[in-house]
Amino acid sequence: DAGVIQSPRHEVTEMGQEVTLRCKPISGHNSLFWYRQTMMRGLELLIYFNNNVPIDDSGMPEDRFSAKMPNASFSTLKIQPSEPRDSAVYFCASSRGTGTGGTQPQHFGDGTRLSIL
Amino acid sequence: DAKTTQPPSMDCAEGRAANLPCNHSTISGNEYVYWYRQIHSQGPQYIIHGLKNNETNEMASLIITEDRKSSTLILPHATLRDTAVYYCIVRGGDYKLSFGAGTTVTVRA
């Protein structure tokens with residue numbers, strides 16, 4: 001079975017540019033999560049969607065970050081304008097059900113390594 | 001979610017069983033024990049989870065003590081590809097996964 005697919009795997013861009021990260025969740029999963037991982041802060045949840053609807057975006061750092069899920073098989077995380085402190089690995093994960101409760105594991109993609117110069 | 005304690009690192013010989021301990025003494029009745037691992041440059045990979053009973057799948061076995069205050073992840077025949085950071089997570093109703101420092105497992109030939 002195909003896992004969570006993220007693109008691009010690596011992105012290097014200059015400060016001020018718009019960055020768009022893409023995610024295709026596992027088919028049949030109706031919860032989708034965007035995480036960010038840095039050495040300093042570890043893994044942080046940015047936003048959580050259930051049935052394509054954003055449920056919790058309290059982890060989104062600031063207005064420069066936005067996320068959409070136009071359908072069950074696609075989501076984007078956009079940063080505009082980008083800053084050097086946004087450099088990190090961004091992971092997308094998906095799970096069945098509501099994502100709450102202990103019974104449904106989240107499955108992660110291999111991430112996008114983002115470098116803002 | 002309850003906090004977990006894991007040893008920072010451990011070595012294992014290739015072909016031998018790797019036993020990874022985790023303490024979660026403040027776990028509550030509705031919280032599950034989850035194990036993930038992260039191989040360098042890859043995303044976290046789900047391994048196994050359980051509530052009370054021991055669990056086994058194609059990757060590993062999970063042994064949970066009767067009082068549920070600790071658990072052990074067993075990789076039955078470790079290979080070099082099992083070298084990774086292993087995370088023990090206790091998770092109840094929250095959808096947020098909180099990864100601690102984990103155990104860095106190095107499998108040696």
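Rules used throughout
- All residue numbers here refer to positions counted from 1 along the written sequence of the relevant chain.
- The lettering of chains begins at A and the numbering of ligands begins at 1, in the order of writing.
- With pLDDT at 70 or above as the cut-off, local features in this predicted model cover only qualifying residues; side-chain atom pairs require 80 or more to be listed or tallied, and sums for whole chains, interfaces and linings still use all residues.
- Side-chain figures throughout are based on the complete set of non-hydrogen atoms in the structure, without hydrogens or water.
- In this description a helix means any DSSP run of H or I spanning at least four residues, a strand means any run of E spanning at least two, and both kinds are numbered starting from the N terminus.
- With the radius of gyration taken over C-alpha atoms, the globule rule is written as 2.2 Å times the number of residues to the power 0.38.
- Only protein chains enter the accessibility calculation, which uses a 1.4 Å probe; a residue is then buried when its area is under 20% of its type maximum, exposed when over 50%, and partly exposed in between.
- Method for areas: the Shrake-Rupley scheme with a 1.4 Å probe, in which residue coverage is limited to the protein chains shown.
- In what follows, a contact means two residues having at least one pair of non-hydrogen atoms within 4.5 Å.
- Note on pairing: DSSP must find at least two bridges between two strands before they are called paired.
- Note on terms: buried area is the combined drop in 1.4 Å-probe accessible area of two parts once they are placed together, counting the loss on both.
- Salt bridges are identified by distance alone: a Lys or Arg side-chain nitrogen within 4 Å of an Asp or Glu carboxyl oxygen.
- In protein, a polar contact requires one atom able to donate a hydrogen and another able to accept it; more generally it is a pair of N or O atoms within 3.5 Å, and residues adjacent in sequence count only if both atoms are side-chain atoms.
- Note on residue categories: nonpolar means Ala, Val, Leu, Ile, Met, Phe, Trp, Tyr, Cys or Pro, charged means Asp, Glu, Lys or Arg, and polar means any other residue, Gly included.
- We call Phe, Tyr and Trp rings a pair once their centres come within 6.5 Å, taking the six-membered ring for Trp, and we label the pair stacked below 30 degrees between planes, edge-to-face above 60, and tilted otherwise.

Draft legend 1. Local environment of the overall build of chain A. A count of helices and strands for chain A gives zero helices and 11 strands. Expected size for 117 residues packed as a compact globule is a radius of gyration near 13 Å; at 13 Å, chain A falls within 12% of this value. Taken over the C-alpha atoms alone, chain A extends approximately 40 × 30 × 30 Å along its principal axes. Relative to its 117 residues, chain A shows a buried fraction of 47%. For chain A, the computed accessible surface area is about 5700 Å², with 49% contributed by carbon and sulfur atoms.

Draft legend 2. Looking closely at unusual backbone geometry. All names here are of chain A. With an omega of -10°, the peptide bond between Ser7 and Pro8 qualifies as cis. The topology assignment puts Pro8 in the loop between strand E1 (5-7) and strand E2 (10-13). Here the bond from Gln80 into Pro81 is cis, since omega is -10°, no more than 30 degrees from zero. Relative to the assigned elements, Pro81 resides in the loop between strand E8 (74-79) and strand E9 (88-95). Phi at Asn52 takes a positive value of approximately 75°, unusual for a residue other than glycine. Here Asn52 is to be found in the loop between strand E5 (42-50) and strand E6 (53-56).

Draft legend 3. View of the environment of Cys12(B). Residue and element names in this part refer to chain B. Secondary-structure assignment places Cys12 in strand E1 (residues 9-13). Residue Cys12 is classed as buried on the basis of its relative accessible area, which comes to 8%. Along the chain, Cys12 and Gly100 lie 88 residues apart, while their C-alpha atoms are 21 Å from each other. In this view, Cys12 contacts Ala17, Ala18, Ala78, Thr106, Val107 and Arg108; residues no more than four positions away in its chain are not counted.

Draft legend 4. Just the sheet that holds strand E7 (residues 70-75) of chain B, in detail. Spatial strand order, E2-E7-E6-E5 (chain B): four strands in an open sheet with antiparallel pairing. The open sheet terminates on both sides in strands that have one partner only, identified here as strand E2 (18-23) and strand E5 (55-56) of chain B.

Draft legend 5. Quick peek at the interface of chain A and chain B. Listed per partner, the contact involves 23 residues of chain A and 18 residues of chain B. Summed over both sides, the interface of chain A with chain B buries roughly 1600 Å², with 52% coming from carbon and sulfur. Our count for the contact surface shared by chain A and chain B stands at zero salt bridges. Taken together, chain A and chain B are joined by seven residue pairs in polar contact (both at pLDDT 80 or more). Listing elements by their share of the side of chain A that touches chain B, those giving two or more residues are strand E4 (31-38), E5 and strand E10 (107-108) of chain A. In terms of residue class, the side of chain A that touches chain B is built from eight nonpolar, 11 polar and four charged.

Draft legend 6. Fine view of the packing of aromatic side chains. Under the counting rule described, the total for this entry stands at 11 aromatic pairs over all chains. Aromatic pair Phe108(A) and Phe99(B): ring centres 6.2 Å apart, planes at 90°, arrangement edge-to-face. Of this pair, Phe108(A) sits in strand E10 while Phe99(B) is found in the loop between strand E8 (84-91) and strand E9 (103-108), placing the two residues in two different chains. Taking relative accessible area as the criterion, Phe108(A) reaches 11% and is therefore assigned buried.

Draft legend 7. Here's a closer look at the pattern of salt bridges. Residue and element names in this part refer to chain A. Evaluated as defined, the whole model comprises 10 salt bridges over all chains. Its salt-bridge partner being Glu18, residue Lys78 comes within 3.9 Å of it at the nearest N-O pair. Here Lys78 is found in strand E8, whereas its partner Glu18 is found in the loop between E2 and strand E3 (19-24), with 60 residues between them in sequence. By relative accessible area, Glu18 is classed as partly exposed at 45%. Between Glu44 and Arg41 there is a salt bridge, with its nearest N and O atoms 2.7 Å apart. Using a relative accessible area of 16% as the deciding quantity, one classes Glu44 as buried. Salt bridges sharing partners connect three or more residues here, namely Glu62, Arg64, Glu83, Arg85 and Asp86.

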